[in-house]
Amino acid sequence: MRKNILLAVATLMACLGALPAIGCTNFLCTKGASADGSTMITYAADSHTRYGQLRYHKATDHQPGEMLKLYNYGSLKFQIEIPQPAHTYGVVGFINEHQLAIGETTWGGIEPLSKGNAEGIDYGNLMYVALQRAKNCREAIKVMAELVETYGYADGGESFSICDPNEVWIFEITSKGAEKGAVWVALRVPEGYVCGHANQARITTFPQEVKRSHRSISSKNMKYIFEPEVECVYAADVISFARKNGYAAFAGSSKNTDADFSYADTYNPLTFSGVRACDARVWSMFRRVNKEMDAYQDYAMGHNNANRMPLWIKPDHPLTVLDVMALMRDHFEGTPMDMTQDVGAGPFHLPYRWRPMDWEYNGKKYVHERAISTQQTGFSFVAQCRSWLPDKLGGILWFGVDDTYSTCYCPMYCGMTQIPVCFEEGNGSMTQYSETAAFWLFNRVTNFCYLRYDVMIEDLKKAQRELEHTFVKNVKRCDERCANLSDTRMVNELNLFSNNAANQMMKRWKELDQFLLVKYIDGNIKHEQNGRFETTPTGVVKFPAQPKYPDWYYEQVVRDHGEVIEAPAE
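It should be emphasised that the depicted structure is a prediction, and the values quoted were computed from it without experimental measurement.

(A) A look at the overall build of the protein. When helices and strands are counted, the protein shows 13 helices and 24 strands. Over its C-alpha atoms the protein spans a radius of gyration of 25 Å, differing by no more than 12% from the 25 Å that the globule rule assigns to 570 residues. For the protein, the proportion of its 570 residues judged to be buried stands at 56%. Summarising the internal contacts of the protein: among those between residues at least 6 apart in sequence, 71% fall at separations of at least 24. Element-wise, carbon and sulfur atoms account for 52% of the exposed surface of the protein, whose accessible area totals about 24,200 Å². Looking at the protein, you have 59 positive and 67 negative side-chain charges, and the mean spots of the two groups are 2 Å apart.

And the structure:
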């Protein structure tokens, strides 16, 4: 019988309490780390209540005095009203027409800061407003910093991934609790490196110079952010606020100097769950691009916080957009946390565990792994920004719904103005099924695959590879066709291309849905070659395969129920 690797963590969990059902994973790739010189960030919006759809904001001119009403990203309750600028940019999901893209992961942090300010802007609206008002990473940081200082920050700890065609930044923020505003640090990811975050603060110590600290909105509007040599900016009171309230933690020295101040250790200290359920996902991505990351396995499993993995690493090879998509598809395969190999995966190697993530048996506490690929993802994307093309053509949101492992990333150009019906807001919801919504079609297919996962997922992956490789080739052709078009003609072409890609994806997935039902009905597996089911010369379906369960499964059944089901010797 295969080894059950669910780890007992009674001592740690007794101190830490229940393991939270936290979600979202981001990967960040600089120009120098990509195969074609593009920048890329990923975002998986993991939530048991998040519906997969694509929000669109039209580029708009605004009149003086015009106001923007903001509704909380999670609860949808009215939050705050702020003045509109003279112009806001077009936004498709989480990328705007200037190839600025933003993703996030939530980490909450320490009390009482995790509750946020009583009033202010939540993290979701920070992202959306920044995308409407900023053209690049540095402008986005400035917009978000000024918003929370002016109106307050209504959330706790958050990590943002921000990229434009030239730069990639990681920006971490938390509220000041009852005190208005937020404390934050933003770092540019070095050229040629990749970074990641997954619901655990990642920035520890950071470069500190007076000219790089954000003092207030009145201090020249943070013009230093636009100086090309600046690679770190931070709130002026990020350290003094922590010292004043007794939160401050330091690294590398016993002198407790500002230079040794650690943002993550102060505002989101490591716990077993913070490592095993969060940082482990970053490690799993890192180890797939740099073999030296295996040295941090003990850290990823929550056994050695002193061996903390780096904030960013250099990949062994340049990454293509298909490589980055693949990084978002992970169940810890090939590691001691491999979710396909323990007894919890069942006889068909299902790498999913229904919630709760932590559980007790005979007085001991245990955990299920929290992988990058998880069943409750609402949507995910790979944002790709390409500096050598016009902005509206250069930015692509490779968008998918449901689990990252079984989704198909469909190219949505940032310059498009017409969202495909299958991704359109209002087409279905978490409580309303829609035949034309990609979210529900993809969930139909994946939930069926859970029944006999190890064989059914291979048919799904075949369709997935077929589509995504086709899309990559088609994007290249579209780039060439549109590069010299007028703005109006280009937008028309991008609308046509993106909508056709979505329709092609839906058509193929409906065919897959039907194919899987016919092939695997009633636990049988019909014989087929190249998508055609085999029949006898007279047209009768060939008798299906009925593979046995694995021996370890039979052993457990016999141990549990053998005296009832044992057949007598004949």
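(B) Geometry of the pairing of strand 5 (residues 67-71). Only one face of strand 5 is covered, namely the face carrying Leu 68 and Leu 70; the face carrying Met 67, Lys 69 and Tyr 71 is uncovered. In terms of strand pairing, strand 5 meets strand 6 (residues 78-83) through 5 bridges, oriented antiparallel. Following the sheet pairing, Tyr 71 is matched in strand 6 by Phe 78. What sits between the antiparallel neighbours strand 5 and strand 6 is a turn of 6 residues, in which Leu 76 has the positive phi angle 70 degrees.

(C) Just the pairing of strand 13 (residues 179-188), in detail. For strand 13, the tally of buried residues reaches 8 of 10 residues, placing the bulk of the element in the interior. Counted along the chain from strand 12 (residues 168-176) to the antiparallel partner strand 13, the turn is 2 residues long, and its residue Gly 177 has a positive phi close to 65 degrees. The pairing of strand 13 with strand 16 (residues 232-235) spans 3 bridges and is classified as antiparallel. Paired with Leu 187 across the two strands is Cys 232, which belongs to strand 16.

(D) Representation of the sheet that holds strand 17 (residues 312-313) within the structure. Strand order across the open sheet formed by 7 strands is 17-14-1-2-20-21-22, with antiparallel pairing between neighbours. Looking along the sheet, the strands with just one partner apiece sit at the ends: strand 17 and strand 22 (410-413). Pairing analysis gives 4 bridges linking strand 21 (residues 396-401) to strand 22, with the strands arranged antiparallel. Looking at the pairing, Ile 396 lines up with Tyr 413 of strand 22. Seen against the sheet, helix 11 (residues 453-482) touches strand 21 and strand 22 and runs at an angle of roughly 25 degrees to strand 22.

(E) Up close: the nonpolar core. By size, the foremost hydrophobic cluster in this structure holds 165 residues, and its most contacted members are Ile 162, Phe 206, Val 238, Tyr 267, Phe 423, Met 505 and Trp 509. Counting residues per element, this core draws most heavily on helix 12 (residues 487-520), at 12 residues. Residue contacts for Tyr 267: discarding those within four places in its chain leaves Trp 107, Gly 109, Ile 110, Leu 113, Thr 174, Val 183, Val 238, Phe 241, Ala 242, Tyr 247 and Phe 261.

(F) Seen up close, a nonpolar patch on the surface. Residues Val 557, Val 564 and Ile 565 make up a contiguous nonpolar surface patch of roughly 240 Å² in combined accessible area. Looking at the secondary structure, you find Val 564 in helix 13 (residues 551-565).

(G) How the structure looks around unusual backbone geometry. Of the consecutive residues Glu 111 and Pro 112, the connecting peptide bond is found in the cis state with omega at 0 degrees. Going from Arg 355 to Pro 356, the amide bond is cis rather than trans, its omega being 10 degrees. Mapped onto the elements of the fold, Pro 356 is located in the loop between helix 8 (321-327) and strand 18 (358-361). Located in the positive-phi region is His 349, a residue other than glycine, with phi close to 60 degrees.

(H) Local environment of the state of the cysteines. Taken as a whole and judged by the stated rule, the model has 0 disulfides. Cysteine Cys 163 shares no disulfide, and the gap to the nearest cysteine sulfur, in Cys 385, comes to 3.6 Å. A relative accessible area of 0% means that Cys 163 is categorised as buried. Residue Cys 449 stays outside any disulfide, its sulfur separated by 14 Å from that of Cys 408, the closest cysteine.

(I) Summary view of helix 12. Over its 34 residues, helix 12 runs 49 Å from end to end, which matches the ideal 50 Å to within 8%, given 1.5 Å per residue. Among the residues trailing helix 12, Asp 522 stands out with phi positive, at a value near 60 degrees.

(J) Quick peek at the side chain of Ser 161. You can see Ser 161 is positioned in strand 11 (residues 157-163). Side chain to side chain, Ser 161 and His 197 meet in a polar contact 2.6 Å long. Each residue touching Ser 161, except ones within four places of it in the same chain, is listed here: Asn 26, Leu 28, Ile 41, Ala 101, Ile 102, Gly 103, Trp 169 and His 197.

(K) Main features of the packing of aromatic side chains. Scanning the entire structure with this criterion turns up 34 aromatic pairs. Seen in terms of ring centroids, Tyr 51 and Phe 439 are 4.6 Å apart; in terms of plane orientation they differ by 55 degrees. Their pairing is tilted. Placement of the pair is Tyr 51 in the loop between strand 2 (39-46) and strand 3 (56-57) and Phe 439 in helix 10 (residues 438-449), with a sequence separation of 388 residues. On the basis of relative accessible area, Phe 439 is assigned to the buried category, the value being 5%. Ring geometry for Tyr 433 versus Trp 440: centroids 5.6 Å apart, planes at 50 degrees, classification tilted. With a relative accessible area of 19%, Trp 440 lands in the buried category. An aromatic cluster is built from Tyr 43, Tyr 73, Phe 94, Tyr 123, Tyr 128, Phe 379, Phe 381, Phe 399 and Phe 423, whose rings are joined through pairwise contacts.

Rules used in this analysis
Residues numbered from 1 in each chain as written. Predicted model: local features only at pLDDT ≥ 70, side-chain atom pairs only at ≥ 80, totals over all residues. Heavy atoms only, no water. Helix = DSSP H or I, 4+ residues; strand = E, 2+ residues; numbered from the N terminus. Rg over C-alpha atoms; globule rule 2.2 N^0.38 Å. Buried < 20%, exposed > 50% of the residue type's maximum accessible area, 1.4 Å probe, protein only. Contact = heavy atoms within 4.5 Å. Areas by Shrake-Rupley, 256 points an atom, 1.4 Å probe, with all protein chains shown as cover. Lys, Arg positive; Asp, Glu negative; His and termini not counted. Charge placed at Lys NZ, Arg CZ, Asp CG, Glu CD. Pairing = 2+ DSSP bridges. Axes fitted to C-alpha atoms, helices over the stretch in contact; angles between N-to-C directions. Core = buried A, V, L, I, M, F, W, Y, C linked by side-chain atoms within 4.5 Å. Patch = residues over 30% accessible without salt bridge, like charges linked within 9 Å, V, L, I, M, F, W, Y side chains within 5 Å. Salt bridge = Lys/Arg side-chain N within 4 Å of Asp/Glu carboxyl O. Disulfide = S-S within 2.5 Å. Expected span 1.5 Å × (residues − 1). Polar contact = N/O pair within 3.5 Å; in protein donor to acceptor, adjacent residues only side chain to side chain. Phe/Tyr/Trp six-rings, centres within 6.5 Å; stacked < 30°, edge-to-face > 60°.

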